[in-house]
Amino acid sequence: MKSPNADSNSSSMPIPILFGAECFDGGVLRHLVYLLSHLDPKRFQPHLIVSRFRSSPQAVTAIEQLKSKNVEIKRLAMYHALHPVYDLGCLLEIIRYIKHNRIEIVHAHSTKAGLLFRLAGRLCGVKTVYTPHCYYFLAHKGLKRRLYIAIERLLGKLTCKTILAGNERNIALENRIIHASAIAVIDNAIDPACFPIHPRREACRKQGLLESDFIVGGVGRLCRQKNWTALIRAAYRILRFCSSVTFVIAGEGEEKEKLQTLIDQLGIGSKFRLFDRIDDITSFYPCLNLFVSTSLWEGLPYAFLEAEHYRIPMMLPDISFMSRRFPHALYYSVSDQEGLFVSLLECITGNMPRVSDDSHVSDFELFIHRHQCVYEQISNRTHVSTENLIEL
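To start, this report covers the structure provided alongside it. What you are looking at is a predicted structure, and each value in this text was computed from that prediction instead of being measured. All residue numbers here refer to positions counted from 1 along the written sequence of the relevant chain. Reporting in this predicted model follows two pLDDT cut-offs: at least 70 for local features of residues, and 80 or more for side-chain atom pairs to be given and counted; totals over whole chains, interfaces and linings ignore these cut-offs and use all residues. Side-chain measures were taken over the full set of non-hydrogen atoms in the model, leaving aside hydrogen atoms and water.

1. Examining the pattern of salt bridges
- In what follows, salt bridge is the name for a side-chain nitrogen of Lys or Arg lying within 4 Å of a carboxyl oxygen of Asp or Glu. For the structure shown, the criterion picks out 17 salt bridges.
- For Glu 254, the salt bridge identified is with Arg 221, shortest N-O distance 2.7 Å. One end of the pair, Glu 254, is in the loop between strand 9 (245-250) and helix 9 (256-265); the other, Arg 221, is in the loop between strand 8 (214-219) and helix 8 (228-239), with 33 residues separating them in the sequence.
- Close ionic contact of Arg 325 with Glu 308 constitutes a salt bridge, the shortest N to O distance being 3.0 Å. On the criterion of sequence distance, the pair formed by Arg 325 in the loop between strand 12 (314-317) and strand 13 (330-332) and Glu 308 in helix 10 (residues 302-309) is long-range, its members being 17 residues apart. Summarising the burial analysis for this pair, Arg 325 and Glu 308 share the class buried. Under the scheme used here, helices are H or I runs from DSSP no shorter than 4 residues and strands are E runs no shorter than 2 residues, and both carry numbers assigned from the N terminus. Buried means the residue's accessible area, taken with a 1.4 Å probe over protein chains only, is under 20% of the maximum for its type, while exposed means over 50%, and partly exposed covers the values in between.

Structure, rendered in structure tokens:
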């Protein structure tokens, strides 16, 4: 099928790229704001379609920020769950948008948008790129897992490039989702300029925490994936004989009430706090003596990168080939509640994991650069150099 933009491929004009995301929140939001804000405007014209049902303060702020960067934004009635009537309407709207704006590349983000936007791109005859932000099949077992793997394999045939973090690449190849040649490895990265270092005393005072306490904390949505109940139950056992420890979680989500109820039932409310909204996360990380994740599955979450930036010792579950990216962290078996408790106790009593000496200051520039290389490589433009092709 001929691209609707085949007659407009002048190398002097920016490449129009449509980014699509239903889940415009958390790490996906951060990822898109970073990427779309830093694309070279002389080479790329970004467009963004997101769900109008994602209207958190962070999403509203991000949309205004991107508009100030001349990103064209449209909001659709895109549901997270499958909804045949609305999904068909969204698909037709996306197709109309691609044709009207003469889009050359469609870049879909996360599972639901990965379905709708790759189908729309294929039907319009334009190149498609996909970033899964953690494969959805990792959340399931048995028949459901096999079904979602089969769907990813099918959609992979419609995709020119799938962008994965290094650890996610291993997952894709292990499950035969796509061929290695269709993968571009681009690790997530944070912009160091957005994360200044604050003194711990100042940060603890701002968050209402005791500087003298050993503070264990995590950052992430309050949802099933993050498995925070495991941390709460381990904290209960530790606090029975370690009174100078405080546990904190920064995040919002559908399990907030459930988690707070568990904390109250265990009687540890004075030593386990949920920060459901922190306006300045840069004043949270410096409080932590130990960063902990209890996630059941992950891609390459920004919270891990942020903790690494603040040089906080990390304790992580042994999932998603994570040790290849964070070799200095302490790992425990994700299914081992006793192992989580023992590892926490070891850290608190002095056997802390090492902090990485590696500098990742240049990672953010590489994150932007490699995305731009992918877009130019699969477009009909000639900007991309042989050096850039090798890097992918």
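Let us keep going from here.
2. Re the packing of helix 3 (residues 84-100) against helix 4 (residues 111-124)
- The geometry of helix 3 relative to helix 4 is characterised by a closest axis approach of 9 Å and an angle of 50° between their N-to-C directions. The angle between helix 3 and helix 4 falls in the class oblique. Here the hand of the crossing between helix 3 and helix 4 comes out right-handed. Listed contacts from helix 4 to Asp 87, Cys 90, Leu 91, Ile 94, Ile 95, Ile 98 and Lys 99 of helix 3 are Lys 112, Leu 116, Phe 117, Leu 119, Ala 120, Gly 121, Leu 123 and Cys 124.
- Classifying every residue of the contact of helix 3 with helix 4 by side-chain character gives eleven nonpolar, one polar and three charged. Note on definitions: angles span 0 to 180 degrees between N-to-C directions of axes, and those axes are lines fitted to C-alpha atoms, for helices only across the stretch in contact. Roughly parallel means an angle under 35 degrees; roughly antiparallel means over 145; roughly perpendicular covers 65 to 115; every other angle is labelled oblique. By convention, the crossing between two helices is left-handed when the near helix turns anticlockwise from the far helix through less than a right angle, and right-handed when the turn is clockwise. Throughout, a residue-residue contact means that at least one pair of heavy atoms, one from each residue, lies within 4.5 Å. Following the grouping adopted for this structure description, the nonpolar residues are Ala, Val, Leu, Ile, Met, Phe, Trp, Tyr, Cys and Pro, the charged ones are Asp, Glu, Lys and Arg, and the polar ones are all others, Gly among them.

3. What to know about the side chain of Ser 110
- Topologically, Ser 110 is positioned in the loop between strand 4 (105-109) and helix 4.
- Residue Ser 110 is classed as buried on the basis of its relative accessible area of 14%.
- In this structure Ser 110 touches Cys 23, Val 28, Tyr 130, Thr 131, Pro 132 and His 133, once residues within four positions along its chain are discounted.

4. So, empty space enclosed by the protein
- The definitions used throughout rest on a 1 Å grid laid over the protein atoms alone, on which a cavity is an enclosed set of points accommodating a 1.4 Å probe that cannot get out and a pocket is an open set flanked by protein within 12 Å on both sides along at least five of seven lines; lining residues are those having an atom within 4 Å of a point. Grid points are joined across faces, edges and corners, and a volume is the space filled by probe spheres set on the points. For the structure shown, the criterion picks out two cavities of 30 Å³ or more.
- Looking at the largest cavity, its volume works out to about 100 Å³.
- In terms of lining residues, the largest cavity is bounded by Glu 308, Arg 311, Ile 312, Pro 313, Met 314, Phe 326, Pro 327, His 328, Ala 329, Arg 354, Val 355 and Ser 356.
- Looking at the lining of the largest cavity residue by residue, the classes come out as seven nonpolar, two polar and three charged.
- Volume-wise, the second largest cavity comes out at about 50 Å³.
- Lining of the second largest cavity is provided by Gly 218, Val 219, Lys 226, Trp 228, Phe 291, Val 292, Ser 293, Ser 295, Glu 298, Pro 301, Ala 303 and Phe 304.
- When residues of the lining of the second largest cavity are traced back to their parent elements, those giving at least two are strand 8, strand 11 (290-292) and helix 10.
- The class makeup of the residues in the lining of the second largest cavity is seven nonpolar, three polar and two charged.

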